[in-house]
Amino acid sequence: MLAHSRLLLAVLFIVSLNHHPVLAQSDGVGQIEGQVVAESDGEPLAGATVGLEDARRMRGTTTDNDGRFVIESVPAGTVTLQVRFVGYLTATRTVDVTIGRTTNVPVAMERSTVALAGVEITGTTEEARTALAGAMTKVDAAAIQRIDPIGMQEALSYVPGVYGLADDGMGQTRMSVGIRGLQPRRTQRVLVMEDGVPIQPAPYVFSPLYYNPPIERIREVEVIKGSSSVRHGPQTMAGVINYVTSRPRRTSPGGTVKLTGGMNRYASAFAEFGGFGSDDVRPQVQALFKRGDGFRENNDFIQFNGTAKLQATIGSARSIYVKANVDYERLNATYTGLTPYSLASDPDFNPKDDDFYRIFRASVSAIYERRFNERVDATTTAYANVFDRPWWREKDVFVRADEYEDPNIDAEPVSPSTPGPLVRVGISDAVEGDLTGPYFGNERRFYVGGIEQSLEIDHDVFGQPSNLEIGGRVHWERFRDDRKISDEVGRREGVFFRGDPSDPESIEIVGGSSTYETIALALFTQEEVQWGPLRLTPGFRLEVFEQSRIDRLAGSTYDDKTSVVPLPSFGFNLDLGRYDLGPGLADSRLWLFGGIHRGYTPPSSATFQIVGFEPPSALPGDDTGFDLRAEKSWNSELGLRGRSGTAQFEVAGFYLYVEDLVGGRTAFQQNLGVVESYGVETQGSLDFGAYATWLPRVDATYTYLQSQVVQGIIPAALQTGVVDISGNDLPAAPNHTATVRLSKTFDRLGLMLYADAKYRGAFFTDLENLPVNQPGAPPSHGERGPVPSNTLFNAGVRYDVTDALRVQVTGKNLTDEVYIGSRVHSNPRQRDASLSTGIIPGARRQANLSITYDF
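Just so we're clear, the structure is a prediction, and the values are computed from it rather than from any experiment.

Here's the deal with the overall build of the protein
Point 1. Secondary structure assignment for the protein yields seven helices and 45 strands.
Point 2. Within the protein, the proportion of its 855 residues that are buried is 56%.
Point 3. Across the protein, contacts joining residues at least 24 apart in sequence account for 68% of those joining residues at least 6 apart.
Point 4. For the protein, the computed accessible surface area is about 33,100 Å², with 56% contributed by carbon and sulfur atoms.

Rendered as structure tokens:
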């Protein structure tokens, strides 16, 4: 594949010598430079798109942190320059380009009524983001294009304080991401949104992220972790991730087609078309097909995704943005992991060809904005979705490795205590004849709807400029959870019970069927008061919601619970002014920020009953069962950020004090006492090209994290009784994570190169911090022990064949390192092959070739 890629690049390079605007024409050109600012206050607009409009497409660049841009090798004559930026009217300038000279074009942009306040949660300008009262990271469009990720979890791995667990599959639909030491399994302690709208299946009653939008249709990713999180909700404990999609284009009809192919029979085809409306009504459509065989046997997936958007301006003071999306995915997804023997001998091993996972999700959302006057804006956001997710899996058993690999021996199930190497296989591979309940399915369907209304009011507080945001949201969700048993592997039609319905005494319940529902009201307010260089941001959120459950197989018993939760926050941002920090860092600007807020995760017996393994725990005197208290925390941070024309950085120290943390798959079903998580996050970039044109840009992140139990007692995993885990590390919380990326763009050659390294430190996988081997303990088959550290190396090259055609080759895990990605579905107390999945291997080497054409 790589040999073919190199040959194709060589051919395209030779062909393009006669077509590339720079190589084909060394004279007869000039240069355009300038600065893009907001007309209202003169602040620079970083990330604005600046291009030359011709009959086919826009070509050009984006503005840097100071709003400046340069377009080289522009043919002499009269050209049309067009500048676009979210929330501002498109600016068009006619420019006369002179041979061998630079033409300066300043651009002041007027704010549009179509500000789409709810789409970007960190602000639409670099100035707004640097003034945030809390740590934030934005993975912008250039970074996403550079690394060309397969899925969203890969893109988020470059964000400090964010770390992920490897899971089955390469599509990364079931993303597992944690922030600042909190359990990353299924991203259930992080609020995830798309264009400001929550996308988790049921944010209140079942927050595990079983759907994730494909990276191909995401333009930018925002992550906030500080007091600004309280503006959103209901999860405010770990942070907020917001995916920002592209806006419908204003220019003439056109779009993009991107084709990608690679190892493991990976392929994707993405197309986007827009610009066929008018200045006031702008539609856009997107379509995606994606498939791959995955990194293990029986691990293939296929995905279809379609999106339609409409952005319209209504008069001079109103706008509406409507988006509809349909997603279908079919995956050979399993919980079957590896034993240590399998990892060492065949890390691609997966015998489960009948495990089946399907997704169907349809969603619609609308954002309506109205400007009453220069001081008052109103935003209404409405959303609804239905999400259907059946998952059928075959039960697992252990067999002896030597018997399984010997074609002359029929391997039989053995106990986890059997000496010698064992492997996990499906029960039908080890037991002949009729089986009772070897195949089980979790069929789940979710319905979600809500409407949010907010007002932004510019006013004065004691003569100081201030901005007040107030609003509320009504949210409804229903979750139907059916668990069925089938006696035939591969037959996805199961039963809830066995026996004769006419004889109640013969009935045996073998499945489950429950309906969960939440109705919630959230009220929020946040004030931003500017006192000279100091911005103060007090905020408050009130969550009032009722959760109910109907158990249909237990006489339709009904339980409900009402919660009233106040969530205060306070943050600040102090502009420290401008400094000359040395060569290339003149006119650097610094900000000090910090805050404190109340973190919260709604109580959810639905989540716990479904992701836990056992009936209620056996702690002495405990009979509470699933009557869980909500997780609560106090989150505080203090940080410093800065930027100049060539560099930017952010450093933040944080401390989380968490009460009543729920353990999930950690062999206990009570709230813990107290846990704490603290550390330091750093991120920065420096363009060494400012010192010597051949030097690269360097982007780096590093996180130090310490998460531990302050007070807690749980049942012992390898012995009877209970164990005090005070002082132990939290599971899946690596002490050290780091990334370093080098990149260089050669504008005249149309060439971009990058290489990076990602380090993830070791972490424990259970609250007892058990080792793999412990004297006197039964052998481990992958269900316990720390996950060792690992370092992955990636690289890529992009070549602009013409203004419209780009070719990119990326390589991930270049050394093809075999490593333990996680034990995400394991529990050291439950050694049965069907209850603990063992080792989930990390992603293997993947090389892709992408061709992108803009028209």
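Still more to cover.
Side note on the packing of aromatic side chains
Point 1. Counted under the stated rule, the structure contains 19 aromatic pairs.
Point 2. Measuring from centroid to centroid gives 4.4 Å for Phe446 and Phe479, while their planes differ by 10°, and the two rings are stacked. Residue Phe446 is found in strand E25 (residues 439-461), and its partner Phe479 is found in strand E26 (residues 464-486); the two are separated by 33 residues along the sequence.
Point 3. Three or more aromatic residues joined by ring pairs form one cluster here, namely Phe206, Tyr210, Phe387, Phe446, Phe479 and Tyr516.
Point 4. One Lys or Arg, Arg174, reaches over the ring of Tyr357 and ends 5.1 Å from the middle of that ring.

Re unusual backbone geometry
Point 1. Backbone torsion omega between Gly233 and Pro234 reads 15°, so that peptide bond is classified as cis.
Point 2. Tracing the backbone shows Pro234 in the loop between strand E14 (218-224) and strand E15 (240-245).
Point 3. One non-glycine residue with positive phi stands out, namely Asn769, at about 55°.
Point 4. If you trace the backbone, Asn769 turns up in the loop between strand E40 (751-760) and strand E41 (790-800).

Quick notes on the pattern of salt bridges
Any two side chains of opposite charge can pair, on the condition that their charged atoms come close.
Point 1. Counted according to the given criterion, the structure contains 45 salt bridges.
Point 2. With a closest N to O distance of 3.2 Å, Asp355 and Lys352 form a salt bridge. Across this residue pair, the class does not change: Asp355 and Lys352 are buried.
Point 3. Across the salt bridge formed by Arg844 and Asp816, the nearest N and O atoms sit 3.0 Å from each other. With a gap of 28 residues between them, Arg844 in the loop between strand E44 (840-841) and strand E45 (846-854) and Asp816 in the loop between strand E42 (805-812) and strand E43 (820-822) connect regions that are remote in the sequence.
Point 4. We classify Arg844 as buried; its relative accessible area is 16%.
Point 5. Residues participating in the shared-partner salt-bridge network are Glu194, Asp195, Arg217, Arg247 and Lys323.

What about the pairing of strand E24 (residues 422-426)?
The two faces of a sheet get side chains in turn, since along a regular strand they alternate between them.
Point 1. Of all five residues that make up E24, five are buried, and the element is covered over most of its length.
Point 2. In terms of strand pairing, strand E23 (residues 396-400) meets E24 through five bridges, oriented antiparallel. The partner of Val399 across the bridge, within E24, is Val423.

A few points about the nonpolar core
Point 1. In terms of nonpolar packing, the biggest core is built from 57 residues, with Met152, Leu156, Val221, Val223, Ile241 and Tyr243 touching the most fellow members.
Point 2. Not counting the four nearest positions on each side in its chain, Leu156 is found in contact with Val162, Met175, Val177, Val221, Val223, Ile241 and Tyr243.
Point 3. Of all hydrophobic cores here, the second largest spans 21 residues; its members include Leu45, Val74, Leu81 and Tyr88.

Let's talk about the pairing of strand E18 (residues 281-292)
Point 1. Pairing of strand E17 (residues 266-274) with E18 involves eight bridges; the strand directions are antiparallel. Bridging from a neighbouring strand, Phe273 pairs with Val285 of E18.
Point 2. Following E17, the chain reverses through six residues before pairing antiparallel with E18; Gly275 in that reversal takes a positive phi of roughly 80°.
Point 3. Where E18 lies against strand E19 (residues 301-314), 12 bridges are found, and the strand directions are antiparallel.

Re the sheet that holds strand E12 (residues 191-194)
Point 1. Taken together, the five strands give an open sheet; going across it, the order is E9-E14-E15-E12-E13, and neighbouring strands pair in mixed fashion. Every other strand in the sheet has two partners, leaving strand E9 (136-139) and strand E13 (197-198) as the edge strands with one partner each.
Point 2. As paired strands, E9 and E14 are joined by four bridges and run antiparallel to one another. Bridge pairing in E14 links Lys138 to Glu222.

Regarding the environment of Gln31
Point 1. Along the chain, Gln31 turns up in strand E1 (residues 29-38).
Point 2. Each C-alpha atom, one on Gln31 and one on Val97, is 7.1 Å from the other, the two residues being 66 residues apart in sequence.
Point 3. The contacts of Gln31, once residues within four sequence positions are left out, are Val70, Ile71, Glu72, Val97, Arg101, Thr102 and Thr103.
Point 4. For Gln31, the side chain forms a polar contact with the side chain of Thr102, separated by 3.4 Å.

Details of the confidence of the model for the protein
Point 1. On average, residues of the protein score 86 in pLDDT, and 89% of them are at 70 or above.
Point 2. The weakest mean pLDDT in the protein belongs to helix H1 (residues 2-16) at 44; the strongest belongs to E41 at 97.
Point 3. For the stretch residues 1-26, pLDDT sits under 50, and the model shows 34 contacts to residues farther than four places along the chain or on other chains.
Point 4. Low pLDDT, under 50, characterises residues 610-626; the predicted model gives this stretch 41 contacts beyond four residues in sequence or across chains.

Calculation notes
- Residues numbered from 1 in each chain as written.
- Predicted model: local features only at pLDDT ≥ 70, side-chain atom pairs only at ≥ 80, totals over all residues.
- Heavy atoms only, no water.
- Helix = DSSP H or I, 4+ residues; strand = E, 2+ residues; numbered from the N terminus.
- Buried < 20%, exposed > 50% of the residue type's maximum accessible area, 1.4 Å probe, protein only.
- Contact = heavy atoms within 4.5 Å.
- Areas by Shrake-Rupley, 256 points an atom, 1.4 Å probe, with all protein chains shown as cover.
- Phe/Tyr/Trp six-rings, centres within 6.5 Å; stacked < 30°, edge-to-face > 60°.
- Lys NZ or Arg CZ within 6 Å of the ring centre and 35° of its normal.
- Salt bridge = Lys/Arg side-chain N within 4 Å of Asp/Glu carboxyl O.
- Pairing = 2+ DSSP bridges.
- Core = buried A, V, L, I, M, F, W, Y, C linked by side-chain atoms within 4.5 Å.
- Polar contact = N/O pair within 3.5 Å; in protein donor to acceptor, adjacent residues only side chain to side chain.
- pLDDT = per-residue confidence, 0-100.

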